[in-house]
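Residue-level structure breakdown
What follows is the residue order along each chain.
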Amino acid sequence: MCGIIGYTGNEPAKDILINGLKQLEYRGYDSAGIAVLDPKTGIILKKKTGKVEELAKAAESESTDASCGIGHTRWATHGGVTEGNAHPHRQGSVTLCHNGIIENYKELTTEYGLKNVLQSETDTEVVAALLDKLYEGDPYTAIKKTVNLLAGSFALCIMFDDQPGKIFAIRNVSPMVAASFDGGSIIASDLTAVINFSKKYFVVPEYHILTLTDNGIGVQDLKGRDVEPEILEVNWDITSAQKGGYPHYMLKEINEQPEALERTVAPRVQDGLPFLADDGIDDEILKNLQNIVIVACGTAMHAGMVGKSLIETKLRIPVTVEIASEFRYKDPIIDDKTLTIVVSQSGETIDTLEALRLSKQKGSKVLSVVNVKGSTIARESDYVLYTHAGPEIAVASTKAYTVQIAAMYLLAARLGFVRGVLSEEETKEFISKLQGVGEIMKKTIEASDDIRRVANHIQTAPDVFYIGRGIDYTLSLEASLKLKEISYIHSEAYAAGELKHGTIALIAEQVPVIAIATEEHVYAKVISNVREVKSRGAYVILISQEGKVENKEVCDKQLYIPKVDSTFGVFATAVILQLIAYYTSDAKGLDVDKPRNLAKSVTVE
């Protein structure tokens, strides 16, 4: 949450900062601001509420050749959405941006007598005031003293009035990446703001002080020792983070799913069998585990639920799926015979990261499923399975979700094979079907006109309900979340068999019910539940496999996925459910990619 960018070099900084903030806007769009250090006039500060475009308009008239500056796009935590609360914050000779939450800001305000100088409601300004109070001409000493007093998470980009051309940065938990190139040095919360300048970058190590100048980046630990960071290289280009002719990033990313699955699965198949050795995943841990705990948040947790259903059904291994924010505050039953799988698109999700650390403390090995190379979760895990989805810009996750499911399927196949539950022939058949889901998804995407008509019907509904059984129920949870996220329609998902236990009381005339019935062994049961809601006046949209044709007594509208083994129908079904949410939001004229109150990467509690 929140996006930070800093640039120093030999080019005017203003436009670089604003363009970078546009790339980072999915991290927060309540307000935005930039600060540049002009060698003639000093700090020029510009802040606006609303989206980055509002800041860009306000800054058009600002004439400056300043080549050093920092910028920020905000997702509000402390204090309302006002220009005063927007970043950067300036106190004395210090100007800074912050991503994270300072938990002891009130105590610091009191202990260091900062109350009378503060002008905002934010915890960030407390850091600026504290740093200014401790600053006596040596940035390194002041930064060390300051961060040693902070409790919480932070990524800080700092400018001092008397340090022209320099940006200082330090972080704990909250992500930052940095790169140097011929035109200077850049730092940001996410690669999307960096890749225009360099494909080579490094992840800022925690509790290390960076000094960005026009000719490079210095990295020191808190003992003053120089550190050489690990240089990584981006394996996608800037066009992957652009709309490419689509009206919204979300629609582009839905369409990219077949290719994302191919990138995730293909390198991990050898001679028709799942092959995870190149990922460093040891067969011994798979052979010896007694149970699995999957920990994640939101959409990633729903992907984990699909994994649970598959692994328990096919392999008979006990799997628990835990909400990361709850997991870390309980005493989970895990030990050295437990494999903890943490799932996170960004690899920086704070609750998931803390759950990872708790699992390791209890002796569990941790395997992470993440999309971002070098992310904190990836670095701290024992094993990593990268999903290769490429950048996902829309706040509502689509391709990250389906490649996470694909990763679960790969793990399940390898688990079954090395434990002798699946024969070589059975494993090869499983992998062959997994490799075929991309084509099935393409066919589903191509048949989107019927999905658009369903969305047009439900766009005015105050409530929408999803029902399903088995894996279809787990998909209904994700579908309901998607619809809520971007259309703001109240939506709930229920296990179809639970309707009679209370929730059928919510069904009234013309209330949309989206029933998912793609699994052969429970199809008749779901249709029975569908008849129950239809007889009470519901407007029923039935999603089933081709060939399962029902009449108007059962449903008002029927959508189909191509005929496929039920185990692998989840991928095509996910496409339909994503498109329902997308077209509903678009029909309502909403900002599909940037839903209100939400940000892409949740790096604060």
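Since this is a predicted model, take the numbers as computed values, not measurements.

1. Notes on the overall build of the chain
- If you tally the helices and strands in the chain, you get 19 helices and 26 strands.
- The C-alpha radius of gyration computed for the chain amounts to 25 Å, which stays within 12% of the reference 25 Å derived for 605 residues, consistent with globular compactness.
- Judged by the C-alpha coordinates and their principal axes, the chain covers about 75 × 55 × 45 Å.
- Counting over 605 residues, the chain shows a buried share of 61%.

2. Thoughts on the nonpolar core
- Among the nonpolar cores identified, the biggest contains 98 residues, and Ile292, Ile341, Tyr409 and Phe571 are the most heavily contacted of them.
- If you tally residues by element for this core, the top one is helix α13 (residues 399-418), at 13 residues.
- The contacts of Tyr409, once residues within four sequence positions are left out, are Val306, Leu310, Phe430, Leu434, Ile471, Thr567, Phe568, Val570 and Phe571.
- Listed in part, the 29 residues of the second largest apolar core include Ile18, Ile34, Val36 and Ala59.

3. What about the pairing of strand β7 (residues 152-160)?
- With eight of nine residues buried, β7 lies mostly within the body of the structure.
- Taken together, the nine bridges between strand β6 (residues 94-102) and β7 define a ladder with antiparallel strand orientation. By the bridge assignment, Ile101 is partnered in β7 with Ser153.

4. Thoughts on the confidence of the model for the chain
- Of the residues in the chain, 98% reach a pLDDT of 70 or more, and the chain-wide mean stands at 92.
- Model confidence for the chain, summarised as mean pLDDT per element, is weakest for strand β14 (residues 232-233) at 88 and strongest for strand β12 (residues 208-213) at 98.

5. Focus: the sheet that holds strand β24 (residues 512-517)
- Spatial ordering of the open sheet is given by β23-β22-β24-β25-β26, a layout of five strands whose pairing is parallel. Single-partner strands in this sheet number two, and they are β23 (490-495) and β26 (557-561). Sheet twist, expressed as the mean angle between neighbouring strand axes with direction ignored, is 20°.
- Packing against the sheet, helix α16 (residues 449-458) makes contact with β22 (463-468), β24, β25 (539-545) and β26, and its axis sits at approximately 140° to β26.
- Packed on one face of the sheet, helix α19 (residues 570-587) meets β22, β24, β25 and β26 and runs near 135° to β26.

6. Brief notes about the side chain of Glu392
- Residue placement: Glu392 occurs in the loop between β21 (383-386) and α13.
- Here Ser397 takes part through its side chain, which lies 3.0 Å from a polar atom of the side chain of Glu392.

7. Comments concerning the packing of α13 against α19
- Across the interface, α13 lies against α19 with an axial gap of 11 Å and an inter-helix angle of 165°. Taken together, the axes of α13 and α19 are roughly antiparallel relative to one another. Handedness of the α13/α19 crossing: right-handed. Residues Tyr401, Thr402, Ile405, Ala406 and Tyr409 of α13 form the contact with α19, whose participating residues are Val570, Phe571, Ala574 and Gln578.
- Its residues assigned to classes, the contact of α13 with α19 shows seven nonpolar, two polar and no charged.

Definitions and cut-offs
Residues numbered from 1 in each chain as written. Predicted model: local features only at pLDDT ≥ 70, side-chain atom pairs only at ≥ 80, totals over all residues. Heavy atoms only, no water. Helix = DSSP H or I, 4+ residues; strand = E, 2+ residues; numbered from the N terminus. Rg over C-alpha atoms; globule rule 2.2 N^0.38 Å. Buried < 20%, exposed > 50% of the residue type's maximum accessible area, 1.4 Å probe, protein only. Core = buried A, V, L, I, M, F, W, Y, C linked by side-chain atoms within 4.5 Å. Contact = heavy atoms within 4.5 Å. Pairing = 2+ DSSP bridges. pLDDT = per-residue confidence, 0-100. Axes fitted to C-alpha atoms, helices over the stretch in contact; angles between N-to-C directions. Polar contact = N/O pair within 3.5 Å; in protein donor to acceptor, adjacent residues only side chain to side chain. Parallel < 35°, antiparallel > 145°, perpendicular 65-115°, else oblique. Left-handed = near helix turned anticlockwise from the far one by under 90°. Nonpolar A, V, L, I, M, F, W, Y, C, P; charged D, E, K, R; others polar.

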